[in-house]
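# Observations on the model geometry
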Amino acid sequence: QVQLVESGGGLVQAGGSLRLSCAASGSTFSFYAMDWYRRAPGKQRGLVASITNGDAPTYAGSVKGRFTISRDNAKNSVDLQMNGLKPEDTAVYYCHASTWTNRVRYDYWGQGTQVTVSS
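Residues numbered from 1 in each chain as written. Predicted model: local features only at pLDDT ≥ 70, side-chain atom pairs only at ≥ 80, totals over all residues. Heavy atoms only, no water.

### Let's talk about the environment of Val48
Quick reminder of the rule: The way it works is that DSSP assigns letters per residue, a run of H or I at least four long becomes a helix, a run of E at least two long becomes a strand, and they are numbered from the N terminus. The classification of residues rests on relative accessible area computed with a 1.4 Å probe and restricted to protein chains. Under 20% of the type maximum is buried, over 50% is exposed, and intermediate values are partly exposed. Residue contacts are defined here by distance: any two heavy atoms, one from each residue, within 4.5 Å place the two residues in contact.
Among the structural elements, Val48 can be located in strand β5 (residues 46-52). For Val48, a relative accessible area of 2% gives the class buried. Residues Val48 and Pro87 lie 39 residues apart in sequence; the distance between their C-alpha atoms is 15 Å. In this structure Val48 touches Trp36, Tyr37, Arg38, Thr58, Tyr59, Ala60, Val63, Phe67, Leu80 and Tyr93, once residues within four positions along its chain are discounted.

### Examining the environment of Gln13
Here Gln13 lies in strand β2 (residues 10-13). In sequence terms Gln13 and Thr116 are 103 residues apart; their C-alpha atoms lie 8.3 Å from each other. Apart from residues no more than four positions distant in its own chain, Gln13 is found in contact with Val117 and Ser118.

### Focus: the state of the cysteines
Cut-off, in case you're wondering: Two cysteine sulfur atoms make up a disulfide if the distance between them is within 2.5 Å.
Under the criterion given, the structure shown has one disulfide. Between the sulfur atoms of Cys22 and its disulfide mate Cys95 the distance is 2.1 Å. Here the S-S torsion is close to -80°, and the disulfide linking Cys22 with Cys95 is therefore left-handed. Of the two residues, Cys22 is situated in strand β3 (residues 18-25) and Cys95 in strand β9 (residues 91-101); the sequence distance between them amounts to 73 residues.

### Brief notes about the packing of aromatic side chains
Inclusion rule: Centres within 6.5 Å make a pair out of two Phe, Tyr or Trp rings, where for Trp the six-membered ring is used; the pair is then stacked when the planes are under 30 degrees apart, edge-to-face when over 60, and tilted otherwise. A ring is scored as having a charge over it whenever the NZ atom of a lysine or the CZ atom of an arginine sits within 6 Å of its centre and within 35 degrees of its normal.
According to the stated counting rule, one finds two aromatic pairs in the structure shown. Ring plane angle 65° and centroid distance 5.9 Å describe the contact between Phe31 and Tyr108, whose orientation is recorded as edge-to-face. Pair noted here: Phe31 is in the loop between β3 and β4 (33-39) and Tyr108 is in strand β10 (residues 104-109), with a separation of 77 residues, a long-range link. On the basis of relative accessibility, which here comes to 0%, the residue Phe31 falls in the buried class. Here Arg45 stacks its cationic end above the ring of Trp109, 3.8 Å away from the centre of that ring.

### Regarding the pattern of salt bridges
Threshold: Salt bridge criterion: a side-chain nitrogen from Lys or Arg within 4 Å of a carboxyl oxygen from Asp or Glu.
This model, assessed by the stated rule, comprises four salt bridges. Here Asp79 and Arg19 are joined by a salt bridge, their closest N and O atoms 3.2 Å apart. Residue Asp79 is found in strand β8 (residues 77-82), and its partner Arg19 is found in strand β3; the two are separated by 60 residues along the sequence. Looking at Asp79, the relative accessible area reads 18%, which means it is buried. Linking Arg105 and Asp107 is a salt bridge whose minimum nitrogen-to-oxygen distance equals 2.9 Å. Given the relative accessible area of 43%, Arg105 is considered partly exposed. Take Asp107: its relative accessible area is 36%, and that puts it in the partly exposed class. One salt-bridge network, held together by shared partners, links Arg38, Arg66 and Asp89.

What follows is the structure, given as structure tokens:
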């Protein structure tokens, strides 16, 4: 049973920084893609940043230049460094990972971690 566990959320003032971490357990394989999504109050969940084996990371336009995603394949983990936080970054952040087996895609989600940015 693959589980993703996030940590590092919390309350921070605007302009501050937080680092989110996500560690996978129960897997014996490397994930194809590892991502961070977020759901702000009253909005749908959206992709924040994604990193795929062999490709450059991609970011949502609203966080480009402020957030950095990184992964450690040996540890099956992915981090999100968030700098210059804004109140509009307030959301529940979810770690996501996907893998392909026999042309079937499998998706895994963490339970979410709250990030609150005060003005």
